[in-house]
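What follows is each chain in one-letter form.
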Amino acid sequence: MALMKKISTSSRNGDTSALLTLILNVFAENNWSADTYLTPIIEKISAINTAFTKALRRLIIYSQMAEKDLVRDTAVRALFKLVEGYIYIPIAEKKEAALHVNSILVHYGLSILHGDYAEESSDIDSLLTDLSQADILIAIAKLQGVSEIIAALNVAQKDFADVAIKQAELKSEKKDLASASQLKKESIVEINTNLVGYMNTMAKVKPATYEAIAKTIAELIDRNNELVKRRSKTDEVETELASNVID
């Protein structure tokens with residue numbers, strides 16, 4: 001029976017990247033340069049994992065951008081709704097102040113939330129600049145809660161800009177970057193096709209050199225595959241429950 005099993009192709013991107021890192025760490029504990037067959041495999045896995053890590057970072061950044069965009073969108077909507085509410089308040093001073101602030105808001109409209117990230121950022125920056133005019137600030141001061149929302153929008157806009165800069169930096173590193181899914185497939189093929197068979201053979205031929213590390217890597221792969229199995233069973237149960245509810 002083979003010592004090392006193949007990595008499940010159903011492994012998730014993050015799980016696969018973590019597994020590659022662990023396998024590389026195990027190999028790093030010893031010098032394998034004398035093994036002219038194994039060394040290129042390790043080097044290739046290392047190169048794939050470096051690209052894989054960057055690809056996953058890009059996915060995280062894109063996810064963060066969506067989250068930060070939602071926060072600023074919420075702040076913009078809250079600002080428009082609150083000022084609109086003050087327009088109908090039966091207090092002349094507040095109504096007049098609200099109309100003055102609203103004269104800025106109507107110039108933009110909530111349609112600014114429907115553009116792409118760059119366009120929306122530009123519009124929000126412009127809106128915040130217009131709202132910082134001296135006469136508008138006087139009007140805002142008369143409307144409880146409005147200055148707090150604008151402050152929150154400023155923070156949300158800065159948070160989004162910080163993440164956007166990180167995304168731009170990652171994108172500028174290399175124009176033709178492989179996707180995380182592509183790299184996951186490539187890494188699994190490399191390990192399953194080249195590493196697993198070789199390590200299983202060498203563990204039998206030269207157990208003193210290869211058996212211990214083969215067992216360690218086998219354990220890491222088994223843990224990963226078990227995680228995939230448990231997750232698959234959970235998904236099946238949830239799907240069945242959802243189906244029963246629908247029926």
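The structure contained in this document is the topic of the report that follows. (Residues numbered from 1 in each chain as written. Predicted model: local features only at pLDDT ≥ 70, side-chain atom pairs only at ≥ 80, totals over all residues. Heavy atoms only, no water.)

Digging into the overall build of the protein
Each helix and strand in the protein was counted, giving eight helices and zero strands. Its helices and strands taken in sequence order, the protein reads α-α-α-α-α-α-α-α from the N to the C terminus. Residues classed as buried in the protein amount to 38% of the 247 residues present. Counted over contacts in the protein with a minimum sequence separation of 6, partners at least 24 positions apart contribute 80%. Accessible surface, the protein: about 14500 Å² in total, of which carbon and sulfur atoms supply 56%. (Helix = DSSP H or I, 4+ residues; strand = E, 2+ residues; numbered from the N terminus. Buried < 20%, exposed > 50% of the residue type's maximum accessible area, 1.4 Å probe, protein only. Contact = heavy atoms within 4.5 Å. Areas by Shrake-Rupley, 256 points an atom, 1.4 Å probe, with all protein chains shown as cover.)

Re the nonpolar core
Counting 34 residues, the largest nonpolar core has F27, L38, L195 and M199 as the members making the most contacts within it. Secondary-structure elements contributing two or more residues to this core are helix 1 (13-28), helix 2 (38-87), helix 7 (180-205) and helix 8 (207-246). If you tally residues by element for this core, the top one is helix 7, at 10 residues. With residues up to four places along the chain from it excluded, the contact list for L38 reads F27, W32, L195, Y198, M199 and Y210. Counting residues in each nonpolar core, the second largest holds 27 residues, with L79, L105, I149 and I150 among its members. (Core = buried A, V, L, I, M, F, W, Y, C linked by side-chain atoms within 4.5 Å.)

Considering helix 1
Counting along an α-helix, one turn takes 3.6 residues, and residues three or four places apart therefore face a common direction. Along its 16 residues, helix 1 runs 23 Å from first to last C-alpha, staying within 8% of the 22 Å computed at 1.5 Å per residue. For helix 1, the full list of buried residues reads N13, D15, T16, S17, L19, L20, I23, L24, V26 and F27. (Expected span 1.5 Å × (residues − 1).)

Concerning the packing of aromatic side chains
Enumeration according to the criterion identifies five aromatic pairs in this entry. Judged by centre distance (6.1 Å) and plane angle (90 degrees), the rings of F27 and W32 are edge-to-face. Each member of the pair, F27 as well as W32, carries the same accessibility label: buried. Taken together, a centroid distance of 5.4 Å and an interplanar angle of 40 degrees make the contact between W32 and Y210 tilted. Remark: Y210 occurs in helix 8 and W32 occurs in the loop between helix 1 and helix 2; sequence separation between them is 178 residues. Using a relative accessible area of 10% as the deciding quantity, one classes W32 as buried. (Phe/Tyr/Trp six-rings, centres within 6.5 Å; stacked < 30°, edge-to-face > 60°.)

Comments concerning the packing of helix 2 against helix 7
Interhelical geometry of helix 2 versus helix 7 gives an angle of 160 degrees and a closest axis separation of 9 Å. Accordingly, the angle class assigned to the pair helix 2 and helix 7 is roughly antiparallel. Judged by the twist between their axes, the crossing of helix 2 over helix 7 is left-handed. The segment helix 2 lies against helix 7, with L38, I41, K44, I45, I48, A51, F52, A55, L56 and L59 engaging A180, L183, K184, E186, S187, E190, I191, N194, L195, Y198 and M199. Each residue belonging to the contact of helix 2 with helix 7 can be placed in one class, and the counts come to 15 nonpolar, two polar and four charged. (Axes fitted to C-alpha atoms, helices over the stretch in contact; angles between N-to-C directions. Parallel < 35°, antiparallel > 145°, perpendicular 65-115°, else oblique. Left-handed = near helix turned anticlockwise from the far one by under 90°. Nonpolar A, V, L, I, M, F, W, Y, C, P; charged D, E, K, R; others polar.)

Observations regarding the environment of Y86
Position of Y86 relative to the elements: it lies in helix 2. Along the primary structure Y86 and V146 are separated by 60 residues, whereas in three dimensions their C-alpha atoms are 10.0 Å apart. Beyond its immediate stretch of four places on either side in the chain, Y86 contacts K94, K95, A98, L143, Q144 and V146.

Quick look at the pattern of salt bridges
Applying the stated criterion across every chain, the model contains eight salt bridges. Note that E120 and R72 form a salt bridge whose closest N and O atoms lie 3.4 Å from each other. Of this pair, E120 sits in helix 4 (residues 117-131) while R72 sits in helix 2, and the two are 48 residues apart along the sequence. Here E120 and R72 have matching classes, each one buried. The salt bridge partner of K158 is D162, with a shortest N-O separation of 3.1 Å. Of the two residues, K158 and D162 are both situated in helix 6 (residues 146-173); the distance of four residues between them amounts to about one turn of the helix. Since its relative accessible area comes to 51%, K158 is described here as exposed. Judged by its relative accessible area of 32%, D162 is partly exposed. Linked by salt bridges that have partners in common, D69, R72 and E120 make up one network. (Salt bridge = Lys/Arg side-chain N within 4 Å of Asp/Glu carboxyl O.)

Some points on the side chain of N49
With respect to the element layout, N49 can be found in helix 2. Since its relative accessible area comes to 7%, N49 is described here as buried. Non-local contacts of N49, meaning those with residues more than four positions away in its chain, are made with S17, L20, T21 and L24.

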